[in-house]
Amino acid sequence: VQLVESGGGLVQAGDSLRLSCPASGRTFSAGVMAWFRQAPGKEREFVAAIRGSGGGTYYTNSVKGRFTISRDNAKNTVYLQMNSLKPEDTAVYYCAARVTSTIAGVITMPRTYSYWGQGTQVTVSS
């Protein structure tokens, strides 16, 4: 199984980026796909998650209204549209996936996810 993130880069505050993460080797259409991020010296933190077809979305408070998670089950791909980027959004962004659904109470926890990408760097300058 492979998840490969792309779309990161160096941008200025207020700019936008769109991250993509196609998965191969397993189908995640019934499961949960998510984005996490990790800044230098900090723990990996939850950013957003999306359930399978017809499911809901979840966001950490700091990105609500600015980031949008979406998925294309036909392409087995999850996306993260990031608008109005801020310097504090600077981090390595990881996509994660699990084959099955799960309860909302654990959807923000890294241990919930079995599969991870290698990460893509997002740097936002002020």
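Anyway, here's the lowdown on the structure attached to this text. Within every chain, residues take consecutive numbers counted from 1 along the sequence as written. Only residues with pLDDT of 70 or above have their local features reported here, since the model is predicted, and side-chain atom pairs are shown and tallied only from 80 upward, although totals for entire chains, interfaces and linings are computed over all residues. Note that water and hydrogens are dropped before the side-chain values are worked out from all heavy atoms of the structure.

### Examining the side chain of Asp-89
Here comes step 1: What counts as a helix is a DSSP run of H or I of at least four residues, what counts as a strand is a run of E of at least two, and both are numbered from the N terminus. Mapping Asp-89 onto the fold places it in the loop between strand S8 (77-82) and strand S9 (91-98).
Here comes step 2: A polar contact of 3.0 Å, which involves the side chain of Asp-89, links it to the side chain of Arg-37.
Here comes step 3: We call two residues in contact when some of their heavy atoms are within 4.5 Å. Those residues in contact with Asp-89, other than ones at most four positions away along the chain, are Arg-37, Arg-66, Phe-67, Ser-84, Val-122 and Val-124. Throughout this description, a polar contact denotes any pair of N or O atoms lying within 3.5 Å of each other; where both atoms belong to protein, one of them has to be capable of donating a hydrogen while the other can accept it, and for residues adjacent in sequence the pair is counted only when both atoms sit in side chains.

### Quick word on the sheet that holds strand S3 (residues 17-24)
Here comes step 1: With respect to topology, four strands assemble into an open sheet ordered S1-S3-S8-S7, the strand pairing being antiparallel. Of all strands in the sheet, those bounded by a partner on one side alone are strand S1 (2-3) and strand S7 (67-72).
Here comes step 2: Strand direction decides the pairing type here: S7 and S8, joined by six bridges, are antiparallel. Looking at the pairing, Ser-70 lines up with Tyr-79 of S8. DSSP-based pairing: two strands are paired if at least 2 bridges between them are found.

### Some words on the packing of aromatic side chains
For any pair of aromatic rings, the description consists of the separation of the ring centres together with the inter-plane angle of the planes.
Here comes step 1: A pair of aromatic rings is counted whenever rings of Phe, Tyr or Trp (Trp by its six-membered ring) have centres within 6.5 Å, and the orientation is called stacked for planes under 30 degrees apart, edge-to-face for over 60 and tilted otherwise. Summed over the entire model, instances satisfying the criterion amount to five aromatic pairs.
Here comes step 2: Centroid distance Phe-36 to Trp-116: 5.0 Å. Interplanar angle 55°. Geometry classified as tilted. Note that Phe-36 is positioned in strand S4 (residues 32-38) and Trp-116 in strand S10 (residues 115-116), a separation of 80 residues in sequence.
Here comes step 3: Classification of residues uses two cut-offs on accessible area relative to the type maximum, computed with a 1.4 Å probe and protein chains only: under 20% is buried, over 50% is exposed, and between them is partly exposed. With a relative accessible area of 27%, Trp-116 lands in the partly exposed category.
Here comes step 4: Taking the centre distance of 6.4 Å and the plane angle of 80° together, the rings of Tyr-113 and Trp-116 count as edge-to-face.
Here comes step 5: Connected via pairs of aromatic rings, a cluster forms that spans Phe-36, Phe-46, Tyr-113 and Trp-116.

### A closer look at the state of the cysteines
Here comes step 1: The disulfide criterion is simple: two cysteine sulfur atoms within 2.5 Å. What the rule picks out here adds up to one disulfide.
Here comes step 2: Disulfide pairing is shown between Cys-21 and Cys-95; the S-S distance is 1.8 Å. With a gap of 74 residues between them, Cys-21 in strand S3 and Cys-95 in strand S9 connect regions that are remote in the sequence. This pair shows no difference in class: Cys-21 is buried, exactly as Cys-95 is.

### Considering the pattern of salt bridges
Here comes step 1: Salt bridges are counted wherever a side-chain nitrogen of Lys or Arg sits within 4 Å of a carboxyl oxygen of Asp or Glu. Scanning the model with the defined rule gives three salt bridges in all.
Here comes step 2: Arg-37 serves as the salt-bridge partner of Glu-45, at 2.6 Å between the closest nitrogen and oxygen.
Here comes step 3: Its relative accessible area of 4% is what places Arg-37 among the buried residues.
Here comes step 4: We note a salt bridge from Asp-89 to Arg-66, for which the minimum N-O separation is 2.8 Å.

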